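Take a look at the letters that make up each chain.
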Amino acid sequence: MNNSGLVGLGGRQVLAAEILGGRQVGIRIDEETLSFFDPSSRELLRVRPNPLSGEEVRRLRGLRPAGPPPRPGVEPVRVQRRISTTGTIMVCRQVVSLGRTYAGQTVTAHVSDSTITVDLDGQVRVIRRTTDIPVRNVKANKPHGAPYVV
């Protein structure tokens, strides 16, 4: 997989996820879906629609028997977010209010299936998730107007 999270399958570029960029992954090809998983632990990382036809799958080289299906991860995903000037962060398209006094700070949030836990000034805030959208970005955005660092 390249650094952008793309993988080449049957002459096509398939987006696994930007969050997985540069990581070694296994791919289970089912009729309707592609399951991307960690080869050592078989933890499911991402599921995408399968763009390949049955004939294209049969022409792929290096295929092996699929083995047991990958298992979903149970640990929360750790992400960083920069608190906006209005005192909010956005995680999985859910707005979380933390307070204007924290504007500009970068916080760490732990995202599980049912909660978002934010570490802020030694306090832990637990917020119930209202969306089921997966995590797409792990790192916080740089502040507007900040110079690029190479």
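For the structure itself, look to the data block above.
From a predicted model like this one, the values you see are computed outputs, not experimental measurements. (Residues numbered from 1 in each chain as written. Predicted model: local features only at pLDDT ≥ 70, side-chain atom pairs only at ≥ 80, totals over all residues. Heavy atoms only, no water.)

Colleague: Go over the overall build of the protein chain with me, naming the residues and quoting the values.
Modeller: Along its length, the protein chain carries one helix and twelve strands. Along the protein chain, helices (α) and strands (β) appear in the sequence β-β-β-β-β-α-β-β-β-β-β-β-β when read from the amino end. Its C-alpha radius of gyration of 19 Å places the protein chain more than 25% over the 15 Å reference for a compact globule of 150 residues. Its C-alpha atoms give the protein chain principal-axis dimensions of roughly 60 × 35 × 25 Å. Entry remark: accessible area of the protein chain is about 10100 Å², with carbon and sulfur atoms responsible for 50%. (Helix = DSSP H or I, 4+ residues; strand = E, 2+ residues; numbered from the N terminus. Rg over C-alpha atoms; globule rule 2.2 N^0.38 Å. Areas by Shrake-Rupley, 256 points an atom, 1.4 Å probe, with all protein chains shown as cover.)

Colleague: Hey, could you go over the pairing of strand E1 (residues 6-9) for me, with residue numbers and the actual values?
Modeller: Along E1, the buried face is formed by Val7 and Leu9; none of Leu6 and Gly8, which line the opposite face, is buried. Where E1 meets strand E2 (residues 12-15), four bridges bridge the pair, whose relative direction is antiparallel. By the bridge assignment for E2, Leu9 is matched with Arg12. The loop that links E1 with its antiparallel partner E2 comprises two residues; one of these, Gly10, has a positive phi angle of about 60°. (Buried < 20%, exposed > 50% of the residue type's maximum accessible area, 1.4 Å probe, protein only. Pairing = 2+ DSSP bridges.)

Colleague: Requested: an account of the sheet that holds strand E7 (residues 77-82), with residues and values cited.
Modeller: With respect to topology, four strands assemble into an open sheet ordered E7-E10-E11-E12, the strand pairing being antiparallel. Either end of the sheet is taken by a strand with one partner, and the two such strands are E7 and strand E12 (123-128). Taken over all neighbouring pairs, the strand axes of this sheet differ in orientation by 25° on average, direction set aside. Of the strand pairs in this sheet, E7 and strand E10 (residues 106-111) are connected by six bridges, and their pairing is antiparallel. Residue pairing in the sheet places Gln80 in a bridge with Thr108 of E10. (Axes fitted to C-alpha atoms, helices over the stretch in contact; angles between N-to-C directions.)

Colleague: Mind laying out the packing of aromatic side chains, listing which residues take part and the relevant values?
Modeller: Within the structure shown, the criterion is met by zero aromatic pairs. The ring of Phe37 carries Arg42 above its face, with NZ or CZ at 4.6 Å from the centroid. (Phe/Tyr/Trp six-rings, centres within 6.5 Å; stacked < 30°, edge-to-face > 60°. Lys NZ or Arg CZ within 6 Å of the ring centre and 35° of its normal.)

Colleague: Outline the nonpolar core, listing residues and values.
Modeller: Ranked by size, the top nonpolar core spans 16 residues in total, and within it Ile83, Ile89, Leu98, Val107, Val118 and Leu120 carry the most contacts. Elements that contribute at least two residues to this core include exactly strand E8 (88-91), E10 and strand E11 (115-120). In this structure, Ile83 is in contact with Thr88, Ile89, Leu98, Gly99, Tyr102, Ala103, Gly104, Gln105, Val107 and Leu120, ignoring residues within four places of it in sequence. In this structure, Ala17, Leu34, Val57 and Leu60 belong to the second largest nonpolar core, which totals 13 residues. (Core = buried A, V, L, I, M, F, W, Y, C linked by side-chain atoms within 4.5 Å. Contact = heavy atoms within 4.5 Å.)

Colleague: Outline the side chain of Arg28, listing residues and values.
Modeller: In this fold, Arg28 is placed in strand E3 (residues 26-29). Judged by relative accessible area, Arg28 falls into the buried class, the value being 16%. Side-chain polar atoms of Arg28 contact the side chain of Asp30, separated by 3.4 Å. (Polar contact = N/O pair within 3.5 Å; in protein donor to acceptor, adjacent residues only side chain to side chain.)

Colleague: Kindly report on the environment of Leu44, identifying the contributing residues and their values.
Modeller: Relative to the helices and strands, Leu44 resides in strand E5 (residues 43-49). Given the relative accessible area of 24%, Leu44 is considered partly exposed. The spacing of Leu44 and Arg58 is 14 residues in sequence and 23 Å in space, taken between C-alpha atoms.

Colleague: Describe in detail the pairing of E3, supporting the description with residues and values.
Modeller: Only one face of E3 is buried: it carries Gly26 and Arg28, and the other face, with Ile27 and Ile29, is open. Two elements, E3 and strand E4 (residues 33-37), share four bridges in a ladder whose sense is antiparallel. Residue pairing for E4: Gly26 is matched across the bridge by Phe37. Linking two consecutive strands that pair antiparallel, namely E3 and E4, is a turn of three residues.

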